[in-house]
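So the chains spell out like this:
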Amino acid sequence: MVADPVPVAMGQGSSCWGCFQSLVDIHLNLATVLPLLDIKYWQAVVDYKLSDLEGYPDKSIVVGFFEGMARTAEDIHLLKVMREKCQILIAFGSCSCFGGIPGLANFYDIEECLTTKFRENKTFSGGKVPSENLPAIEPVVRPNTDFVDFDIFLPGCPPTSKLILTAVTALLEGKELELPTHTVCHYCDREKKETPIPEILRPFSGHADPDRCLLEQGYICLGSSTWGLCEGQCVSHGTTCRGCFGPPPPIMSDHGAASMSMLGTYAPNDPEALRIQVPDPLSMFYRFDYATSHLGRMRIKREEAKQH
Amino acid sequence: MTGVKTVRIDPVTRLEGHGSLTIKLGEGGKVKDIQFNVNSTRFFEQFLVGRQMEEAPRIAPRICGICPIPHHLASVKAVEAAWDIKIPPAAVKLRRLLIEAKQLSSHMIHFYALAAPDFVYGPTADPSLRNVAQVLKDLPDVAVQAIKMMEFGQELCRDIGAKAIHPVTAIPGGMLHSLPEDDRQKWLKQIPELLDNLNKTVELAKTVVNAYIDVVTKVAVTPTYYIGLANNGELDIYDGTIRVMDPEGKIVADFEPKDYLQYYGEHIPNHSYATHIYYKPAGYPDGIWRANTLARCNVADKMATPLADAALKEMRELVGRPSHHTFAYHYARIVETVQAVEWIKTLLEDDDIVSTDVKLSDVEPKAGNGVGVVEAPRGILLHNYESDDKGMLTHANLIVATNNNIAGIEKSLMDAAKFILEENGLSQINLPEPMVKH
């Protein structure tokens, strides 16, 4: 094993903390893993400040994990600092890889977002957008990959604790990280009969047959277009997949387009009926990766054009 | 001006979320202002609009990865309130087990991983020591008991919610997954070890509180209003009415969640992307309230379970009711952990917990307006949604746990800063020897 603890840094952009909670959820393995790490920066755990991180020599940190997306100027700054200081930088979780659920904000103009949050809602009116001692909010969510190159992508919302432990162990041992490339369906025990879907159902409808493929029963499930690093945790608990690990390798392919194409194959139905039964395809098929999709890229370009 | 200085602490560490502090000092070292700058926001209230409303419980948990379960449940309750859905009683029990399991793991990560390093190494220790990784090296037995309690909570959440972080099984009408008998038996077998670790934790907490009693009773003693959920007067994190207590200790409001607009005020500060929630009838800043563990223990008459109630009485003997002691939040966290464990045991022993009658088959989306409230570990959490006649979400207002605390945090920081910086407070308090010295 490793003689000296390995210098690591954990950075958090705009995020929910869930990826790091998933790291903590390796439970008693923490007793083995934590002593092998020399934590140089991790605001959730250690009291080092941003100025400490900025002061380390370039590439002096062996591994960096970056959770979250770039919503503010400060997020972008931290992302760049992490890239400068770390030899290996990991896009940790689906926000970091693809923009994640917060990337759905790109469905709306930033002024609409600011109004709902600060100017007018049920509990206040006439508010102003805060501006003192705060980093500027980016007008549109651009994926982290627009700002830095990553060495490793670990998607998932969050990545499972097992996946994190596998990755950390490989890194500490200096080995190549090799991950299976199956989709979620590979891990799903439900039977597929290759029958077409008569009608798309909303997820609360009826009682699903626990032994049949959810999609074939009419419940939209993205299992067949989603990377199965989760090992099917939702589909094994009665629940459809919403695609939180993004598409299988090569992971920057268009997940939403693949998912819609998949649905077209399973549901060769009247387009108008489909349009009514799937009233919100954008968030259904691009929930975790809108910012890195072709459609999302067009949206970003439109916003950028407005800024100039 | 001369002698004017601004101190920035960036980032604030060992907290869930993203923030910095700006402390403005004036002439003669006087503390002029303290800002808690929450420096990001992600606009959930905007991008929930336009979604099928039943998808909100699968989106909203991403607000917080430490408390995704309260968000999942507040969200599904809001949808059910808007669509007039009453779920089967066994589904209520399953959801309660889910949120109590989360309360357990969250309180333990807070107490052991975020707070304990201060007590183990003392508040002035070097950052390289003052963290949970070092606790693991120096006090492995304590660390293992902490990890085991966190593991119990998180893994029980996983069995019920499919994922411990960002659960998926609560749906308008009930739960998509019931708890198999095998799972229940597996958890029942682990209850004795959990109780043992709980007892050790309570003893450790009492030792710490007594060792640091000077800090508890002298630093950041900050009178505010308090808000929390209570069920017929008992502390409850899943269901009940919302109670507000004034700084003198009088219950000044006790209302149904749907009536929140009469009582909740939201102040938009210029220095934080997280807004400040306060008691509207008293105005801002007079009506600043605090939520979270101590607030719940203040507003409740008693705990809902016997051992927790005994623990609450013991706490009140030490700090009174209401307690304005910011450092007593840790003590209250332990009292609540006792209740969570007692609830987990009771629910697992209840045969209804393995019932498969946990989901309605008929749910009709419609135009509606619903409020869902639960207690997140860090305070009361409210989701208010509106839908159109197709069940599409048309409006969202989210009052999340921490926003109930930000103004109170600034007030208590001001009290602490004045005490330490203006009154040389450190010389007036007895700090015990650190538990571990390097």
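Each remark here, short or long, concerns the structure printed above.
A quick note: this is a predicted structure, and the numbers were derived from the prediction, not measured.

J.: Outline the overall build of chain A, supporting the account with residue identities and numerical values.
T.: Across its full length, chain A carries eleven helices and seven strands. For chain A, the C-alpha radius of gyration of 21 Å lies close to 19 Å, the compact-globule estimate for 308 residues. Across its three principal directions, the C-alpha atoms of chain A cover 60 × 55 × 35 Å. Out of the 308 residues belonging to chain A, those deemed buried represent 52%. A sequence separation of at least 24 residues applies to 75% of the contacts in chain A between residues at least 6 apart.

J.: Explain the interface of chain A and chain B to me, using residue names and the numbers behind them.
T.: For interface size, the figure often reported is the accessible area lost on association. Listed by partner, the interface residues are 68 residues for chain A and 75 residues for chain B. Of all the elements in the fold, those that place two or more residues in the side of chain A that touches chain B are α1 (18-24), α2 (30-33), α4 (73-85) and α6 (110-119) of chain A. Residues that form the side of chain A that touches chain B fall into these classes: 33 nonpolar, 21 polar and 14 charged.

J.: Can you explain the environment of Gln43(A)? Please cite residues and give values.
T.: Considering the arrangement of structural elements, one finds Gln43(A) in the loop between β2 (37-42) and α3 (50-55). On the basis of neighbour counts, which here come to 24 C-beta atoms within 10 Å, the residue Gln43(A) falls in the buried class. Note: C-alpha distance between Gln43(A) and Gln12(A) (31 residues apart in sequence) is 8.1 Å. Ignoring any residue separated from it by four or fewer positions in sequence, one finds Gln43(A) in contact with Gln12(A), Pro11(B) and Thr13(B).

J.: Can you explain the sheet that holds strand β15 (residues 393-399) of chain B? Please cite residues and give values.
T.: Residues and elements named next belong to chain B. Strand order in the open sheet formed by three strands is β13-β14-β15, and the pairing between neighbours is antiparallel. If you trace the sheet from one side to the other, it starts and ends with β13 (368-376) and β15, each paired once. For this sheet, the mean inter-axis angle between neighbouring strands, taken without regard to orientation, is 15°. Bridge count between β13 and strand β14 (residues 379-387): nine bridges; the pairing is antiparallel. Paired with Val371 across the bridge in β14 is Asn384.

J.: Residue-level account of the pairing of strand β3 (residues 31-38) of chain B, with values.
T.: Residue and element names in this part refer to chain B. Of all eight residues making up β3, six are buried, and the element is well covered by its neighbours. In this sheet, β3 lies alongside strand β2 (residues 19-25) in antiparallel orientation, the contact comprising seven bridges. Following the sheet pairing, Leu25 is matched in β3 by Val31. Connecting β2 to the antiparallel partner β3 that follows it, the hairpin turn spans five residues, and Gly28 within it adopts a positive phi of roughly 65°.

J.: I'd like to hear about the nonpolar core, residue by residue, with values.
T.: Residue and element names in this part refer to chain B. Counting residues in hydrophobic clusters, the biggest one holds 228 residues, and the most contacted among them are Leu94, Ile227 and Val335. Element by element, the count of residues in this core is highest for helix α4 (residues 89-121), at 17 residues. Ignoring sequence-local partners within four residues, the contact set of Ile227 consists of Ile242, Val244, Trp289, Ala291, Ala295, Val299, Ile380 and Asn404.

J.: Give a detailed account of helix α12 (residues 406-422) of chain B, specifying residues and quantitative values.
T.: With 17 residues, α12(B) extends 23 Å from end C-alpha to end C-alpha; this agrees with the ideal 24 Å at 1.5 Å per step. All buried positions along α12(B) are accounted for by Ile406(B), Ala407(B), Gly408(B), Ile409(B), Glu410(B), Ser412(B) and Ala416(B).

J.: I'd like a rundown of the sheet that holds strand β7 (residues 152-154) of chain A, residues and numbers included.
T.: All names here are of chain A. If you trace the five strands from one edge of the open sheet to the other, you get β2-β1-β3-β4-β7, paired in parallel fashion. The open sheet has two edge strands with one neighbour each: β2 and β7. Each neighbouring strand pair of the sheet contributes to a mean axis angle of 25°, computed without reference to strand direction. Alignment of strand β1 (residues 6-12) against strand β3 (residues 61-67), held across five bridges, turns out to be parallel. In the strand pairing of β3, Gly11 is matched with Phe66.

J.: So what's going on with the environment of Ala300(B)? Residues and values would help.
T.: Residues and elements named next belong to chain B. Inspection of the secondary structure puts Ala300 in the loop between α9 (292-299) and α10 (306-319). A tally of 24 C-beta atoms within 10 Å means that Ala300 is categorised as buried. Taking the C-alpha atoms as reference points, Ala300 and Asn231, separated by 69 residues in sequence, lie 8.5 Å from one another. Leave out the neighbours within four places in its chain, and Ala300 touches Gly228, Ala230, Gly233, Glu234 and Leu235.

How each quantity is defined
Residues numbered from 1 in each chain as written. Chains lettered and ligands numbered in written order. Predicted model: local features only at pLDDT ≥ 70, side-chain atom pairs only at ≥ 80, totals over all residues. Helix = DSSP H or I, 4+ residues; strand = E, 2+ residues; numbered from the N terminus. Rg over C-alpha atoms; globule rule 2.2 N^0.38 Å. Buried ≥ 20, exposed ≤ 12 C-beta atoms within 10 Å, placed from the backbone. Contact = placed C-beta atoms within 7 Å. Nonpolar A, V, L, I, M, F, W, Y, C, P; charged D, E, K, R; others polar. Pairing = 2+ DSSP bridges. Axes fitted to C-alpha atoms, helices over the stretch in contact; angles between N-to-C directions. Core = buried A, V, L, I, M, F, W, Y, C linked by C-beta atoms within 7 Å. Expected span 1.5 Å × (residues − 1).

By themselves these figures say nothing about function.
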